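A look at the structure
Residues per chain are reported as follows:
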Amino acid sequence: MGELQFQSDLLDEVAHRLDLRAPNRKAIESVLLRTSDHYDVQGNSEPYECIVDSATGVGKTYVMAGLMEYFAGAEAPVRNFLLLAPGRTIRDKSIQNFTPGQRKSLRHLLRSNPVVITADNFNTQATRIAMDDPAVTKLYIFTVQALTSSSGEGRATHESQENLGMSFFEYLSRLDDLVILADEHHCYRGPAFSRTIRELKPELVVGMTATPVKADESMIAFRYPLAAAIADQLVKTPVMVGRRDDRSDVETKLLDGVNLLRYKTQAADAYCDENDLPRVNPVMLVIARSIQEAGEFQDVLDSNTFDGGAWVGKTLLVHSRLTGEDKEKALADLQAVEDPDSAVRIIISVGMLKEGWDVKNVYVIASMRASVSEVMTEQTLGRGMRLPFGKYTKVELLDTLEVLAHEKYTELLEKRKVLNEAFIDYGTYAEIRRLADGSTVVRQKTVEAESEVIGPQGAAPSPEGAGTSQGGEQAAGQQTVSEPPRPGGDAEPAKPTGSGAAAGVVDVETRTRQAQEAAEKTSVAVRYEPLADREPILIPLLVSVPQPVTVSLNDISDYGPFERLGRALTTDISNEYKRTKIVASHDGRTARVSTETAADRISSALPMEIPLSASQEALVHRVMAVKGVPNRPLEVGAAQRIVGRLVESMGDKAANHLSAFLERCGQRLAAEVAKTLRDANSGQVTYSDDVKLVALCKTREARKRRVAGHADGSFDKAVAFNGWSKNLYSHAWFDTTPEFKAANAIDNGKNVIVWARLHINDVPITWTSDSRQYNPDFVVIEEKDGKRHGWLVETKADRDMTSAEVIGKRRAAQRWANTANSSPDVDVIWSYLLVGEQDVEDAQGDWELLKGFGQ
């Protein structure tokens with residue numbers, strides 16, 4: 001038995017970069033531990049196949065991206081990934097997810113920079129070049145039908161291709177590092193898929209699904225049930241709504257639905273406007289049993305006699321019998337339903353909207369004549385569970401999904417227990433366990449869900465706590481019981497302390513009244529003027545004069561990035577030849593390559609036709625061609641110095657590798673030089689000599705819930721806090737917990753005269769040569785020994801304190817303060833204070849300590 005192989009630091013880096021939610025990180029970790037246990041510990045040789053069973057809306061696409069980033073960044077990197085989809089809809093969605101420039105693309109987060117290869121481009125010459133490049137990560141995205149059969153859709157992949165010398169399917173089967181990501185795995189598991197897996201001989205197969213079949217239960221490496229996702233506030237809370245009376249006509253039911261939709265729209269508009277977010281248009285999904293029934297529903301909604309004609313032209317009918325232009329238009333409108341300009345507010349579906357339609361703005365599902373038992377399945381319910389704002393808003397109306405049932409309210413109460421029993425109520429994940437003899441083993445741990453999908457009568461989500469952003473980054477103010485488990489630990493995944501209990505079952509009259517009241521609260525904007533009894537805050541108005549940036553390679557003093565690039569280039573080029581497969585053999589055919597054989601292969605693969613001096617000269621030319629670098633002798637010398645550091649870090653392999661891969665090395669070096677120059681020349685700004693003092697007297701406006709005080713320390717982004725003794729305004733609201741705590745410290749400062757939470761354009765500071773501006777968080781005026789001091793205060797997350805952007809803004813703010821202090825018209829001494837979240841915590845509400853801790 002061998003040792004477990006798991007790079008925890010690499011997974012931490014990937015999780016941070018992709019901002020993974022805690023369960024998604026745990027899913028990746030579970031797959032990695034199970035895979036290594038299968039090969040490295042148990043010594044198995046057959047391909048390892050497992051399933052990630054994660055609730056709809058939690059982010060299975062991020063799990064696939066995270067697995068790809070981990071394997072591509074590992075010490076022995078994987079370069080070939082095959083993403084299988086059950087049909088064209090999910091295939092096309094997956095292509096968009098990994099293609100630059102698409103609205104929902106994750107490409108900007110991926111360091112592996114995969115080349116996407118599809119049925120449309122796999123047989124082109126450009127794709128063949130990428131496929132042959134051992135340093136390029138390839139992501140093949142195909143439907144399962146394109147690979148499981150040699151006829152129909154699979155004909156092209158099984159026919160011999162001239163540029164490959166074999167069929168595409170055979171090419172995939174010969175790859176020694178193929179990882180298969182099978183999306184919606186439950187849709188196509190079976191003999192044909194199993195046969196395809198055997199023929200492709202992958203290293204790893206990971207099935208992604210929210211509804212695995214019972215026969216695959218033993219393959220589940222990770223499970224995160226819907227009940228847990230609701231409790232953790234990663235998806236909307238479902239609310240079943242039924243009528244107390246016997247009215248069941250179509251018009252009444254549709255009117256119930258549009259009334260809820262109208263109030264949710266009002267609340268969403270107010271929330272977006274208050275938080276400077278693009279508008280989100282809530283939509284209602286109406287489920288019909290037949291095309292004829294769907295047509296009847298559309299006729300009612302499109303009538304001028306229904307609800308005053310408010311929904312005419314705002315419906316979209318989707319069913320499987322649409323053809324030609326009607327089908328194309330319907331699919332295009334469906335795809336664009338999240339766009340702020342979309343006119344669609346009601347979608348009428350006849351069995352088409354299951355897997356693959358992943359919009360976030362469905363807020364009402366109307367089952368009409370279908371039994372609630374048919375609607376309350378994870379596949380159908382999942383169409384409306386995703387969070388449009390990425391986390392809970394703490395506006396209860398925007399954090400719930402209303403399901404209008406065909407049954408009466410009393411019948412829903414009776415069915416609640418039976419419906420809950422249809423949902424899996426436990427999760428499972430892999431963990432490392434250390435035994436008494438010091439050895440480590442992988443074990444599967446089961447965790448019971450702490451709540452139900454459908455809560456009890458009258459239950460409602462608690463306004464306390466906050467959801468997580470995609471990635472599991474805690475929203476401001478959220479407290480957790482424990483950190484997510486790490487290898488060797490016994491802690492269970494973190495749970496927000498605020499209740500995420502499902503709102504359960506409610507009658508339509510009550511829910512409509514609640515929705516109306518909530519919409520009215522959020523839609524009323526309150527105006528705040530500076531308090532008359534507070535001293536005015538006079539801020540120097542400085543007119544910035546951006547200066548043209550003069551780019552010079554001699555501004556670069558840190559050669560670390562180029563030395564790291566040199567080592568990375570050597571590793572990337574070599575690893576294709578040095579990789580040792582996890583799988584020892586397939587069907588008796590050895591796939592492992594010895595170190596000696598690998599060395600022979602790399603020596604024969606890399607021609608040595610270009611002298612090292614010529615390669616270095618070519619690289620110098622690439623550096624000099626970077627935009628903005630002047631063609632001067634001193635710049636050439638700096639370019640030679642950079643290239644020298646790069647080549648030196650490549651070691652004795654430099655000549656061989658540069659000879660064979662000069663173009664690729666030149667591209668990556670030029671990109672690194674451009675990035676380094678941007679960091680070294682972030683901005684050159686000066687100010688005119690004219691300085692005016694302007695009073696901070698702007699009217700504030702907010703649609704936020706108001707509370708009387710702030711001393712208990714409970715932060716809520718949706719609240720405007722009162723009770724300040726030195727704030728220029730009666731109320732203040734904040735984006736993060738550190739901001740809120742810093743405000744408390746400032747207000748308690750014994751020397752503080754007056755302060756204010758700054759808003760956009762209150763104190764705009766230009767920090768780049770292209771006139772980009774930012775505003776600090778606070779302005780503070782204090783008096784010590786008869787002298788007035790002014791502070792511009794900025795709070796930042798600790799992880800951002802050393803970022804190039806934060807450093808550039810700090811320099812610009814310090815330049816602003818120095819310029820203000822140089823004016824004879826300014827009698828306040830201005831300073832800039834940058835504090836991290838730990839500084840705020842350590843200050844414990846003391847303004848003097850906070851100033852001492854800051855930068």
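Below is a summary of the structure that appears in this document. Note that this is a predicted model, so its numbers are computed, not measured. (Residues numbered from 1 in each chain as written. Predicted model: local features only at pLDDT ≥ 70, side-chain atom pairs only at ≥ 80, totals over all residues. Heavy atoms only, no water.)

Let us look at the overall build of the protein. If you tally the helices and strands in the protein, you get 26 helices and 32 strands. When burial is assessed residue by residue, the protein has 55% of its 855 residues classed as buried. Sequence separation of 24 or more characterises 74% of the internal contacts of the protein that already satisfy a separation of 6 or more. (Helix = DSSP H or I, 4+ residues; strand = E, 2+ residues; numbered from the N terminus. Buried < 20%, exposed > 50% of the residue type's maximum accessible area, 1.4 Å probe, protein only. Contact = heavy atoms within 4.5 Å.)

Another point: the nonpolar core. Ranked by internal contacts, the top residues of the largest apolar core, which has 86 residues, are Leu-67, Phe-98, Val-206 and Leu-226. Broken down by element, the residue count for this core peaks at nine residues, all from helix H3 (residues 60–73). Ala-294, Val-350, Val-395 and Val-506 belong to the second largest nonpolar core, which has 39 residues in total. (Core = buried A, V, L, I, M, F, W, Y, C linked by side-chain atoms within 4.5 Å.)

Along the chain, Val-835 falls in strand S32 (residues 829–836). Its relative accessible area of 0% is what places Val-835 among the buried residues. The spatial distance from the C-alpha of Val-835 to the C-alpha of Ala-797 is 8.7 Å, given a sequence separation of 38 residues. Excluding residues within four positions of it along the chain, Val-835 makes contact with Glu-794, Thr-795, Lys-796, Met-801, Val-840, Leu-850 and Gly-854.

With parallel pairing, seven strands are arranged side by side in an open sheet as S12-S13-S11-S14-S15-S10-S18. Each end of this open sheet is capped by a strand with a single partner; those strands are strand S12 (315–319) and strand S18 (504–507). Each strand axis lies, on average, 25 degrees off the axis of its neighbour in the sheet, ignoring direction. In terms of strand pairing, S12 meets strand S13 (residues 346–350) through five bridges, oriented parallel. Looking across to S13, one finds that Thr-315 is bridged to Ile-346. Across the sheet, helix H11 (residues 250–274) lies against strand S10 (237–243), strand S11 (283–287), S13, strand S14 (362–366) and strand S15 (400–408), angled at about 165 degrees from S15, the strand it touches most. Seen against the sheet, helix H12 (residues 291–301) touches S11, S12 and S13 and runs at an angle of roughly 165 degrees to S13. (Pairing = 2+ DSSP bridges. Axes fitted to C-alpha atoms, helices over the stretch in contact; angles between N-to-C directions.)

Sheet analysis places strand S30 (residues 778–784) next to strand S31 (residues 787–796), joined by seven bridges and oriented antiparallel. Bridging across to S31, Val-779 finds its partner in Leu-792. Counting the residues in the hairpin turn of S30 and S31 gives two residues, including Asp-785, whose phi is positive at 55 degrees. Taken together, the eight bridges between S31 and S32 define a ladder with parallel strand orientation. Each residue of the ladder has a partner; that of Glu-794, found in S32, is Leu-834.

The next thing to look at is the environment of Ala-743. Mapped onto the elements of the fold, Ala-743 is located in helix H23 (residues 737–748). Here Ala-743 falls in the buried class, since its relative accessible area comes to 0%. Each C-alpha atom of the pair Ala-743 and Ala-732 lies 9.1 Å from the other, and the pair is 11 residues apart in sequence. When neighbours within four sequence positions are excluded, Ala-743 is seen to be in contact with Trp-724, Phe-734, Trp-755 and Phe-778.

Let's shift gears to the pattern of salt bridges. Evaluation of the coordinates by the stated rule reveals 44 salt bridges. As a salt-bridge pair, Arg-645 and Glu-563 come within 3.1 Å of each other at their nearest N and O atoms. Here Arg-645 is found in helix H21 (residues 633–650), whereas its partner Glu-563 is found in helix H18 (residues 560–578), with 82 residues between them in sequence. The class for Glu-563 is partly exposed, based on a relative accessible area of 25%. Two residues, Arg-622 and Glu-663, come together in a salt bridge whose shortest N-O distance is 3.3 Å. In this pair, Arg-622 sits in helix H20 (residues 612–624) while Glu-663 sits in helix H22 (residues 654–680), placing the two residues 41 residues apart along the sequence. Each of the salt bridges in this network shares a partner with another, and the network as a whole consists of Asp-12, Arg-25, Lys-26 and Glu-29. (Salt bridge = Lys/Arg side-chain N within 4 Å of Asp/Glu carboxyl O.)

Glancing now at unusual backbone geometry. With phi around 60 degrees, Gln-233 is a residue other than glycine that occupies positive phi space. Along the chain, the position of Gln-233 falls in the loop between helix H10 (226–231) and S10. Residue Gln-233 is classed as buried on the basis of its relative accessible area, which comes to 0%. Although it is not a glycine, Gln-844 sits at a positive phi angle of roughly 50 degrees. On the secondary structure map, Gln-844 appears in the loop between helix H25 (837–843) and helix H26 (847–853). Gln-844 sits in the exposed class, given a relative accessible area of 73%.

Along the polypeptide, Arg-34 turns up in helix H2 (residues 22–41). Among the polar contacts listed, one links the side chain of Arg-34 to the side chain of Gln-444, at a separation of 2.7 Å. Those residues within four positions of Arg-34 in sequence are excluded, and the remaining contacts are Tyr-48, Ala-221, Ala-430, Val-442, Arg-443 and Gln-444. (Polar contact = N/O pair within 3.5 Å; in protein donor to acceptor, adjacent residues only side chain to side chain.)

This part takes up the sheet that holds strand S27 (residues 752–757). With mixed pairing, the four strands of this open sheet are ordered in space as S27-S30-S31-S32. Lying at the two open borders of the sheet, with one neighbouring strand each, are S27 and S32. Adjacent strand axes in the sheet meet at a mean angle of 20 degrees, parallel and antiparallel pairs treated alike. Inspection of the sheet shows S27 paired to S30 by five bridges, in the antiparallel sense. Note on S30: the bridge partner recorded for Arg-757 is Phe-778. Along the sheet face, helix H24 (residues 804–821) touches S31 and S32 and points at about 165 degrees away from the line of S32.

This part is about the pairing of S11. Taking burial as the measure, the five residues of S11 include five buried ones, the bulk of the element. Because side chains alternate across S11, one face comprises the buried residues Val-283, Leu-285 and Ile-287, and the other comprises Met-284 and Val-286, equally buried. Two strands pair when backbone bridges link them, and S11 and S13 are joined in this way by four bridges, in the parallel orientation. The partner of Val-286 across the bridge, within S13, is Ile-348.

Now for helix H1 (residues 8–18). When H1 is considered as a whole, its buried residues turn out to be Leu-10, Leu-11, Val-14, Ala-15, Arg-17 and Leu-18. Taken down its axis, H1 places every buried residue within 165 degrees of arc, on the same side. Of the residues in H1, the exposed ones pointing more than 90 degrees away from the buried face are Asp-9 and His-16. Two residues or fewer after H1 comes Asp-19, characterised by a positive phi angle close to 55 degrees. (Arc of directions from axis to C-beta.)

Moving on, we come to the packing of aromatic side chains. Geometrically, a pair of aromatic rings is defined through the distance of the ring centres and the angle of the planes. Under the defined criterion, the tally for this structure stands at 17 aromatic pairs. Centroid distance Tyr-70 to Phe-71: 5.8 Å. Interplanar angle 85 degrees. Geometry classified as edge-to-face. Both residues of the pair, Tyr-70 and Phe-71, belong to the buried class. Taking 6.0 Å as the distance between ring centres and 65 degrees as the angle between the ring planes, the aromatic pair formed by Trp-755 and Phe-778 counts as edge-to-face. Linking Trp-755 in strand S27 with Phe-778 in strand S30, this pair joins segments that are 23 residues apart in sequence. One aromatic cluster in this structure is built from Phe-715, Phe-721, Trp-724, Phe-734, Phe-740, Trp-755 and Phe-778. In this arrangement the basic side chain of Lys-236 is found over the ring face of Tyr-363, its NZ or CZ atom lying 4.7 Å from the centre. Here the guanidinium or amino end of Lys-314 rests over the ring plane of Trp-311, the centre of that ring lying 5.9 Å away. (Phe/Tyr/Trp six-rings, centres within 6.5 Å; stacked < 30°, edge-to-face > 60°. Lys NZ or Arg CZ within 6 Å of the ring centre and 35° of its normal.)

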